[in-house]
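Chains, contacts and geometry: an overview
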2 protein chains.
Amino acid sequence: MTPPPRQRATVHDVVARAGVSRGTVSRFLNGTGYVSADAAARIEAAIEAVGYVRNNAARNLVTQRSMAVGFVVHEPHQLFLGDPNIGSIMLGTNDALADAGYQLVVLVVASDSDAERVSTYLRGGFVDGVVLVSARTHDAVAEAVEKIALPAAVIGQPEGGGSLPHVAIDNHAAAREITERLVATGRRRVGMLASALDRDSGADRLAGFTEALGERFDESLVVTDPLYSYTSGVRGMAELLRRDPSVDGVFAASDAVAAGAIETLRAHGRRIPEDVGIVGFDDSDWAQRCTPKLSTVAQPAHDIGHAAARLVLDQLRSPEAAANVTLPTTVVWRASA
Amino acid sequence: MTPPPRQRATVHDVVARAGVSRGTVSRFLNGTGYVSADAAARIEAAIEAVGYVRNNAARNLVTQRSMAVGFVVHEPHQLFLGDPNIGSIMLGTNDALADAGYQLVVLVVASDSDAERVSTYLRGGFVDGVVLVSARTHDAVAEAVEKIALPAAVIGQPEGGGSLPHVAIDNHAAAREITERLVATGRRRVGMLASALDRDSGADRLAGFTEALGERFDESLVVTDPLYSYTSGVRGMAELLRRDPSVDGVFAASDAVAAGAIETLRAHGRRIPEDVGIVGFDDSDWAQRCTPKLSTVAQPAHDIGHAAARLVLDQLRSPEAAANVTLPTTVVWRASA
DNA sequence: TTGTACGCGTTATCAC
DNA sequence: GTGATAACGCGTACAA
C-alpha cells in the first residue's frame, strides 16, 4: 500500500523510471504506434509506479483544442431553477457532445460579475465552442463570444438577431395550432394569459394566438405578465375573470401559468373542462400534475439541446457551417380542454 | 471598423507592436507594477489594435492553478431534473466561489462513459478542486478524486464513508422533529411514505420518524419506494390506506411524495388537515403549490452549497483543513397538518 | 524600470 | 522504432 503521491507525477518521472525518451512515452500515451513491446511494458509499469496521469491542460496548449464545449445558462428571472425544459436541453447537449468525445462544462451566470468572469473563461482557451441558453438582448456573454469568434449556438433566438446561429422552436406556429384546437372544441370567448412579451418566445406565442383567433380576437381578453410563473397564472386568471366572467377558453403561455389559472378557476367555482377549457405550453411536469391533466404543446427539449451541440460541433469541423435550426413541436391533447 | 482577427493574437504580437519586451507586457497585464507610463500607454494601444486576450490555459500551466472549481452532479434517478434543491445548492456554491474569484464549472454525469470522461477532466488540471453532489456509494468519480488527492467536498454524506469531507443536514433530527410536531396535533395512527432507503437521506428520515414515534411505531404503517417522486406518493398513499384506512397522520419523505399523497387522499374523500394531517420534507415549490399548503422541513440549500465551496477553498489554502459540516434545518408549519 | 532566459507539461517533427 | 529538439503562450527570477 503506497500512499498516493502528493506531488503530481509528470512524463519526466515516467521517462526516468522507464529509461526511454519523452517522445516514446508520448507515442505510447496517444496510441500513435511505433513503440516496441518491450518499451511499452516498461512504460506501463513506470506509469503505474509513479501514479502518472496526463495533464490535459498542457496537452491542449500544444494541440490547440480543449475537447470541451461550454453551456452558459443565465439564472436571473428564475430561468434556471424554474424552467423544467432546461434540464432536458442540457442533457441533450451532453449526449451529442459525449458522442463526439467532448466534455460539457456548464457555466452559470447569476450576476454581472459572473458574466464578466464567464466571458473571461470562454476567452481563456478552456472551451472550443459554446452553447448559449436564452441569451437576452444585449447579453454581455454573447457579445464577448461574438468578439472572439468562438464557435457558438444560441438556444431560443435572440431578438436583436445577433449574428450567432440559433436553434429554436416555432412558438408562433405552435401557439396558433393549439389555439385553433381549443377553438375547435366550441369555445366562444377565448382569452390568453401572456407572459414574457420582452422575450421572443412570449411575443411569438401571443402573435400565434392572435392569428388563430382572427376576427374573433379581442384585445381585452389578453392579460400580460412579465413571468412564466404559477403566481402570474393565479393573478392573471383572476384579472381575466374580472374583465369578462363569460370566458370559456384560455391559452396560458406556459404550463406553470396554466396551473395557476386552474387554481383560480377552481376557487371561482368553474369546472374544467365543462365550463372553461384551458391549454398550456411546454408539456412540463405541471401538465401531468394538474387536475384535470393539461392539454399543451410539447417542446422537443432534448432534441433542442442536441441540435445546439451539433451546430457547435459542425462549426468546429468547418468554420462556415452555421445554419439556424427550427424544431417542430407537437400538441399533446389531454383532459383540460 | 476592423474585422475581428481570425487568428488569436498572442503576447508576441503585442510585443512587436508596442516595441517593448515580453516581460514588460506581462507585468502590465498582471499589474505587478514596474512599468513606465509611456510603456503602459504603448502596450494598451497595441493590445487594443491587435485584439489581444490572454490565454488563461497557458497561464495556468505556469501558475499551476486554474482558479476554477468543479461541481459534479449525477443525473440518474432524476436526481438533477427532479430535485428542486440542487439548483439552489449550485447557486450557493457559485456565490462562494465567485467571492473568492473562482469560476464554477458544472459537470454532468449521465452515463458510465460520462463518469469516465469527467474523471479525466478532473484529473486534467482544469480545476483546483471539486464539489461532488450526492455521490452514491462506490462512485467512480469520487474514487478518481480521492486517488489524485484533489481538494473536494461532497454534499450529502456518502454511506461508504469515503475519506472525503462532506456537508450535510441532519436528516435524522429533522425527521424526528417534524414527526413529533405532527403527533402533537393529536394524530393517533401515523404512517410514513419512505423513499430512497438506499441513500443516507432516505434511511435517516425513516430512522428519525421511528424514533419520534417510539412505542407507537407500527412497522406496517411504513410504505417504501425507491424514488422521491410524485408518483411514488400517489401509489404509496393508496397502499397505506389499503393497509389501514384509519391513518390520520402521514410523514412523506419529500414534498413531491407528499403532493402525490394529497392527490390520493383527496381522491379517497379525505379532508386535509381535518381527516388526515400530512407533512413533507424539502420546502420546495411543491410545498407552496399544494392545497392546503404543506407543513415541511426547510433545507438551507443555498447555505449547503456555500459551505461545500468554503470547504474546498479552505483546503486550497491549507491542505489539512477538512472538517465535516452539518447544517441546521427548520420546520415550516403551514396548513396541511 | 526594462529585457533576457528559462520553465510549466505536452505534442510534433525530424534526423538517426 | 527511437530520441533529441522545437514549439504552445505565458510568468518570473535575474541581470542589466
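Residues numbered from 1 in each chain as written. Chains lettered and ligands numbered in written order. Predicted model: local features only at pLDDT ≥ 70, side-chain atom pairs only at ≥ 80, totals over all residues. Heavy atoms only, no water.

An unreviewed UniProt entry lists chain A under the name DNA-binding transcriptional regulator, LacI/PurR family, with Paraoerskovia marina as the source organism.

What to know about the overall build of chain A
For clarity, the threshold we go by: Working definition: helices are DSSP H or I runs of at least four residues, strands are E runs of at least two. Numbering for both runs from the N terminus. All radius of gyration figures rest on C-alpha atoms, and the globule criterion is 2.2 Å times the number of residues raised to 0.38. Should any heavy atoms of two residues lie within 4.5 Å, those residues are counted as being in contact. His is not counted here, nor are the chain ends, while Lys and Arg score as positive and Asp and Glu score as negative. To locate a charge, the coordinates of NZ of Lys, CZ of Arg, CG of Asp or CD of Glu are taken.
Within chain A, the regular secondary structure consists of 14 helices and 12 strands. The C-alpha atoms of chain A give 26 Å as radius of gyration, which overshoots the globular expectation for 337 residues (20 Å, by more than 25%). Taking contacts inside chain A between residues at least 6 apart in sequence as the whole, the part at least 24 apart equals 70%. Taken as two groups, the 32 positive and 40 negative side-chain charges of chain A have centres that lie 6 Å from each other.

Quick look at the protein's contact with DNA strand C
The condition is simple: We call a residue near a molecule or strand as soon as one heavy atom of that residue lies within 4 Å of the molecule or strand. Polar contact is defined as a pair of N or O atoms within 3.5 Å, subject to the rule that within protein one atom must be able to donate a hydrogen and the other to accept it, and that residues adjacent in sequence are counted only when both atoms are side-chain atoms. Three residue categories are used. Nonpolar comprises Ala, Val, Leu, Ile, Met, Phe, Trp, Tyr, Cys and Pro, charged comprises Asp, Glu, Lys and Arg, and polar comprises the others, including Gly.
Neighbouring residues of DNA strand C: 27 residues in total, closest Val11(A), Tyr52(A), Ser21(B), Val35(B) and Ser36(B). For DNA strand C, the fraction of atoms within 4 Å of the protein that belong to sugar or phosphate moieties is 63%. Take Val11(A): an N or O atom from its main chain is 2.8 Å from a phosphate oxygen of DNA strand C. At 3.0 Å, a side-chain N or O of Ser26(A) approaches a phosphate oxygen of DNA strand C. Elements that contribute at least two residues to the surface near DNA strand C include exactly helix 2 (22–30) and helix 4 (56–63) of chain A together with helix 2 (22–30) and helix 4 (56–63) of chain B. Looking at the surface near DNA strand C residue by residue, the class counts come to 11 nonpolar, 11 polar and five charged.

Quick word on the pattern of salt bridges
Pairing between side chains becomes possible if they bear opposite charge and their charged atoms approach one another. The following threshold applies: The salt bridge criterion pairs a side-chain nitrogen of Lys or Arg with a carboxyl oxygen of Asp or Glu, the two atoms within 4 Å. Exposure is judged per residue with a 1.4 Å probe applied to protein chains only, and the accessible area is read against the type maximum: over 50% gives exposed, under 20% gives buried, and values in between give partly exposed.
Summed over the entire model, instances satisfying the criterion amount to 21 salt bridges over all chains. For Arg334(A), the salt bridge goes to Asp283(A), with nearest N and O atoms at 3.0 Å. Taken together, the residues Arg334(A) in the segment after strand 12 (330–332) and Asp283(A) in the loop between strand 9 (277–279) and helix 13 (285–289) connect sequence positions 51 residues apart. Of the residues examined, Asp283(A) reaches a relative accessible area of 27% and is grouped as partly exposed. Arg189(B) serves as the salt-bridge partner of Asp244(B), at 2.6 Å between the closest nitrogen and oxygen. Placement of the pair is Asp244(B) in the loop between helix 11 (230–243) and strand 8 (249–252) and Arg189(B) in the loop between helix 9 (171–183) and strand 6 (190–195), with a sequence separation of 55 residues. Because the salt bridges share partners, they merge into one network encompassing Arg189(A), Asp218(A) and Asp244(A).

A look at the packing of aromatic side chains
Stated precisely, the cut-off is as follows: Aromatic contacts are taken between Phe, Tyr and Trp rings whose centres are within 6.5 Å, Trp giving its six-membered ring; a plane angle under 30 degrees counts as stacked, one over 60 as edge-to-face, and the others as tilted. Whether a charge lies above a ring is judged from NZ of Lys or CZ of Arg, which has to be within 6 Å of the ring centre and within 35 degrees of the ring normal.
Taken as a whole and judged by the stated rule, the model has 10 aromatic pairs over all chains. Members of the aromatic cluster, each reached through a chain of ring pairs, are Phe209(A), Phe217(A), Phe251(A) and Phe281(A). Lying over the aromatic face of Trp333(B), Arg181(B) brings its terminal NZ or CZ to 4.5 Å of the ring centre. A cation over an aromatic ring shows up here: Arg205(B) above the ring of Phe281(B), its NZ or CZ 3.8 Å from the ring centre.

Side note on the UniProt feature "domain: HTH cro/C1-type" (unreviewed entry) in chain A
Note the cut-off: UniProt positions are given in the numbering used here, feature names are shortened, and annotations may be inferred rather than shown by experiment.
UniProt annotation of "domain: HTH cro/C1-type" (unreviewed entry) refers to residues 16–53 of chain A when read in the numbering used here. Helix and strand shares over residues 16–53 of chain A are 68% and 0% respectively, and the end C-alpha atoms of the span are 15 Å apart.

Considering the relation of the copies chain B and chain A
Threshold: Least squares is used to superpose the copies, and the fit set is the C-alpha atoms of residues whose pLDDT is at least 70 in both copies.
Between chain B and chain A, the superposition needs a rotation of 180° and an axial shift of 0.0 Å, giving an RMSD of 0.1 Å. Put plainly, the chains are arranged around a two-fold axis. No C-alpha of chain B approaches the rotation axis more nearly than that of Val106(B), which lies at 2.4 Å. Both copies contact each other with a shared surface, as 100% of the interface residues of chain B are interface residues in chain A too.

Concerning the pairing of strand 7 (residues 222–225) of chain A
Each regular strand carries side chains that alternate between the two faces of the sheet. All names here are of chain A. How we decide: Here the rule is simple: two strands pair whenever DSSP picks up at least two bridges between them. Consider the strands pointing away from the viewer: the crossover is right-handed when the path from the first strand over the helix to the second runs clockwise.
Pairing geometry for strand 6 (residues 190–195) and strand 7, over four bridges, is parallel. Considered in strand 7, the bridge of Leu193 is made with Val223. Read as a crossover between parallel neighbours, the route from strand 6 over helix 10 (residues 200–213) to strand 7 is right-handed.

So, the protein's contact with DNA strand D
Contacts to DNA strand D come from 24 residues, most closely from Thr24(A), Ser36(A), Val11(B), Tyr52(B) and Arg59(B). Protein-adjacent atoms of DNA strand D, using a 4 Å cutoff, are sugar or phosphate at a proportion of 64%. Within the contact set of DNA strand D, a base nitrogen lies 3.4 Å away from a side-chain nitrogen or oxygen of Arg22(A). Only helix 2 and helix 4 of chain A together with helix 2 and helix 4 of chain B provide two or more residues apiece to the surface near DNA strand D.

Observations regarding the interface of chain B and chain A
Reports often express the size of an interface as the amount of accessible area lost when the parts come together. For the record, the criterion: Using a 1.4 Å probe, buried area is obtained as the accessible area two parts lose upon being combined, added over both of them.
The interface of chain B with chain A comprises 47 residues on the first partner and 47 residues on the second. Approximately 4,000 Å² of surface area, both sides summed, lies buried where chain B meets chain A, with 59% of it carried by carbon and sulfur atoms. Taken together, chain B and chain A are joined by zero salt bridges. At the surface where chain B touches chain A, the tally comes to 10 residue pairs in polar contact (both at pLDDT 80 or more). Put simply, the parts of the chain that give the side of chain B that touches chain A at least two residues each are helix 4, helix 5 (79–82), helix 6 (85–99), strand 2 (103–109), helix 7 (112–123), helix 12 (255–267) and helix 13 (285–289) of chain B. Here the residues of the side of chain B that touches chain A sort into 24 nonpolar, 12 polar and 11 charged.

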